[in-house]
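Structural description and commentary
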Amino acid sequence: QVQLVESGGGLVQPGGPLRLSCAASGSIFSRNVMGWYRQAPGKERELVATITSGGRTNYADSVKGRFTISRDNAKNTVYLQTNSLKPEDTAVYYCTFSDFQGDYNYWGQGTQVTVSS
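Residues numbered from 1 in each chain as written. Predicted model: local features only at pLDDT ≥ 70, side-chain atom pairs only at ≥ 80, totals over all residues. Heavy atoms only, no water.

**Looking at the state of the cysteines**
Scanning the model with the defined rule gives one disulfide in all. Two residues, cysteine 22 and cysteine 95, share a disulfide whose sulfurs are 1.9 Å apart. The disulfide joining cysteine 22 to cysteine 95 has a torsion of about 50° about its S-S bond and is therefore right-handed. Here cysteine 95 lies in strand β9 (residues 91–98) and cysteine 22 lies in strand β3 (residues 18–25), a separation of 73 residues in the sequence. Residue class for cysteine 22 comes out buried when judged on its relative accessible area of 0%. (Disulfide = S-S within 2.5 Å. Helix = DSSP H or I, 4+ residues; strand = E, 2+ residues; numbered from the N terminus. Buried < 20%, exposed > 50% of the residue type's maximum accessible area, 1.4 Å probe, protein only.)

**Section: the nonpolar core**
Ranked by size, the top nonpolar core spans 27 residues in total, and within it Trp36, Val48, Ile69, Val78, Leu80, Tyr93 and Phe97 carry the most contacts. Going through the elements one at a time, β3, β4 (33–39), β5 (46–52), β7 (67–72), β8 (77–82), β9 and β11 (111–115) are the ones with two or more residues in this core. (Core = buried A, V, L, I, M, F, W, Y, C linked by side-chain atoms within 4.5 Å.)

**Some words on the sheet that holds β7**
A sheet is described by the order of its strands in space; here four strands give the open sequence β1-β3-β8-β7, paired in antiparallel fashion. In this open sheet, the two strands that pair with only one neighbour each are β1 (3–7) and β7. This sheet shows a mean twist of 15° between the axes of neighbouring strands, independent of strand direction. In this structure, β3 lies alongside β8, joined through six bridges in antiparallel fashion. What sits directly across from serine 21, in β8, is tyrosine 79. (Pairing = 2+ DSSP bridges. Axes fitted to C-alpha atoms, helices over the stretch in contact; angles between N-to-C directions.)

**So, the environment of valine 2**
Along the polypeptide, valine 2 turns up in the segment before β1. Residues valine 2 and proline 41, spaced 39 residues apart in sequence, show a C-alpha to C-alpha distance of 28 Å. Excluding its chain neighbours within four sequence positions, the residues that come into contact with valine 2 are Ser25, Gly26, Ser27, Ile28 and Tyr106. (Contact = heavy atoms within 4.5 Å.)

In structure tokens, the structure reads:
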């Protein structure tokens, strides 16, 4: 069974740093896409960033230039980093891995990020 576990969330300050991690266990297709989504209160889940097995990245306009997604294929782990948080980044963040068909069928349970002074 594939399981994804996020870590690194919590109460953080505007303008401050954040690093989220998501480690997968189980049988993972190596040529996958890893990504992060987030869901703010009262809003629908939205894409934050994705990264392919070859390292190609894609970012939502709201985080482009502020967030960085990276991955460690040997550890089946994806990261999301920033050093310029904004209050509007407050959301539950979910990691996701694609399966061999390219569908995002594996999801973490979510980690709360609250950006407030």
